[in-house]
Amino acid sequence: MKAFRAIVALTFRNAVRSHIFQLLLVLLLLCVTLIPFSISTGKIDDLIRVSLLYSLWSVSIVLTLSSLWLGCYVMSHDIDSYQIHMVVSKPIPRWSIWLGKWVGINLINVVLLLLAGLVVYGIVMLRYSEAGEAERFADREVARQNAEAERARIRSQILVGRRVFMPELPDPERVAEAAINQRLQELAQEGRQFSDTEIAALREEVKRDISTRPIEVLPAQLNEAGMPQTTATAYTWTFRDLPTDLNEAQLILRFRPYLDKIASEDQRESRMWWAVLDPARVESAGESGSFVAVTPNPGSYFTGEFHEHYLPSGVIAPDGTVKIQVLNTDTQGGKHYYQIADGPQLLIPVCSFEENYLRAMLVMTIQLLLLSGLACAFGGCLTMPTAIFMVVSYLLFGSLSMILTDTSFFISTAWDKIGNFLARCLLTVVIPLQNFDVTDMLSGGELIEFSFIGKLFFEYFLLRGVPLFLLGIWLYRRREMGSAVRK
């Protein structure tokens, strides 16, 4: 155990003295301090999101590079420089040397991650304290109350950990038939027809793209007062398997509509009416007459942005379902679109921002443990340039496999299906780093579930990482140290 601690300490000291490590440290400090203050915007919540999203993402990139380089450098440099000969000549097992170097590298990573995490957290709290700063000390009581309300809104929407419930996907058969009928009507107006083969191909395409195709909500017919004449064009989302004990909690509806197209430009204010099904009124009024308005009148919302509303209590049915309905009341007759990934979502506060922030740090720690282990595994049996090439190639295969398994990336050719099959096979042995990115969840106030963390640890660290670590230790034990020749 004494020899193991000595190897850990020696690895830590050598890494700190490295010039490349010092450069990475400077880059890390620049990322966490300059990025949050380099973007000027009038909204405090946007500044907080930038601090969480881009700063932590930059920290992850820098520490990833640091882990890869340190692991390959420490393992291969000791062999190439003959320093390892002084160690292996003593009664110290090779696996103890390998583990000692791996622990020493991760000790550095954890220290740097904690320092960077504290700096980012301090910047976020500084931004939060500045929310409504000018109004909080104003003479008028209303201005002070507005400032406190702004701080409470930021705390409830961003600086929080909220569990997310997503609606079930639309029925593929129903969506396919609606798309085919719409296409046939368009062709009939042009005097053309679809063959049976073309209709079957269109149906399969719609079914394949159901997970990415946005939901379209047509505008309702309005009367002279601007109110909808009928709810025939309303769209309903169904949420299932919600715990009924949440009926007393504050459920939050979160949504982001787009107008006419899924794009950030050319968006404007539009009107819509949100409602939720009241289970207590279903038996007396029927489902169609039991929707309770979330807002008393159609509200105006800027499209392309997220919006939130609190739902009334008691909206979860005994079978754990919740139904949300929206009516497009745009005065200019524009279509509304909702991306599948955006929801709408139902949110419930679970933990504080500080606890959720620590969970994000835990995910980043698992990622660094995995990357440093891969670097040590390849660095212990290869030269440094070859080891870096192998690790980077392995990680690139993981990232590209995730892209190739996305059904929206393909059309329907045989080569597409072959590529999709090969990518799925690769995902059983490679590691997609993008699955470890939780900055979007943290900046959006979404809870990083322990089940999600456990899945990452089990599937990638234990099932994929540990076997490679053991293989690296075995090759390191069998490597002939005298084969390294100094040039």
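Rules used throughout
Residues numbered from 1 in each chain as written. Predicted model: local features only at pLDDT ≥ 70, side-chain atom pairs only at ≥ 80, totals over all residues. Heavy atoms only, no water. Pairing = 2+ DSSP bridges. Helix = DSSP H or I, 4+ residues; strand = E, 2+ residues; numbered from the N terminus. Axes fitted to C-alpha atoms, helices over the stretch in contact; angles between N-to-C directions. Contact = heavy atoms within 4.5 Å. pLDDT = per-residue confidence, 0-100. Phe/Tyr/Trp six-rings, centres within 6.5 Å; stacked < 30°, edge-to-face > 60°. Lys NZ or Arg CZ within 6 Å of the ring centre and 35° of its normal. Salt bridge = Lys/Arg side-chain N within 4 Å of Asp/Glu carboxyl O. Buried < 20%, exposed > 50% of the residue type's maximum accessible area, 1.4 Å probe, protein only.

Reading across from one edge, S1-S12-S4-S9 is the order of the four strands in this open sheet, with antiparallel pairing throughout. Where the open sheet ends on each side, the last strands, each with one partner, are strand S1 (160-165) and strand S9 (307-310). On average, each strand axis in the sheet is inclined to that of its neighbour by 40°, with strand direction left out of account. Here six bridges tie S1 to strand S12 (residues 345-352), and the two strands are oriented antiparallel to one another. Its bridge partner lying in S12, glycine 161 is registered against cysteine 351. Sheet strands touched by helix H11 (residues 353-379): S1 and S12. Its angle to S12, the strand with the most contacts, is close to 95°.

We now examine the confidence of the model for the protein chain. Put simply, the protein chain has an average pLDDT of 80, and 80% of its residues get 70 or more. Per-element confidence in the protein chain ranges from a low mean pLDDT of 52 for helix H6 (residues 133-136) to a high of 93 for H11.

On to the packing of aromatic side chains, then. For the structure on display, the rule yields 16 aromatic pairs. Note on phenylalanine 457 and phenylalanine 461: the rings are 5.1 Å apart at their centroids and 15° apart in plane angle, and the pair reads as stacked. On the criterion of helical spacing, the pair formed by phenylalanine 457 and phenylalanine 461 is a turn pair, its members being four residues apart in helix H15 (residues 450-478). Aromatic ring contacts, followed pair by pair, group Tyr235, Trp237, Phe255, Trp274, Tyr301 and Tyr338 into a single cluster. Taking NZ or CZ as reference, arginine 155 lies 4.9 Å from the ring centre of tyrosine 128, over its face. Here the guanidinium or amino end of arginine 359 rests over the ring plane of phenylalanine 450, the centre of that ring lying 3.8 Å away.

Once that is clear, we can look at the pattern of salt bridges. In this structure the tally under the stated criterion is twelve salt bridges. The shortest N-O distance in the salt bridge between glutamate 168 and arginine 240 comes to 2.8 Å. Of the two residues, glutamate 168 sits in the loop between S1 and helix H8 (172-189) while arginine 240 sits in the loop between strand S3 (235-239) and strand S4 (252-255), which places them 72 residues apart along the sequence. Overall, glutamate 168 belongs to the partly exposed group, its relative accessible area being 38%. Notably, a salt bridge pairs aspartate 330 with arginine 268, separated by 3.1 Å at the nearest N-O pair. One end of the pair, aspartate 330, is in the loop between strand S10 (322-328) and strand S11 (336-338); the other, arginine 268, is in the loop between strand S5 (258-259) and strand S6 (269-277), and 62 residues separate them in sequence. On the accessibility criterion, aspartate 330 (3% relative accessible area) is buried. Residue arginine 268 is classed as partly exposed on the basis of its relative accessible area of 23%. Connected through shared salt-bridge partners, Arg162, Arg254, Glu308 and Glu446 make up one network.

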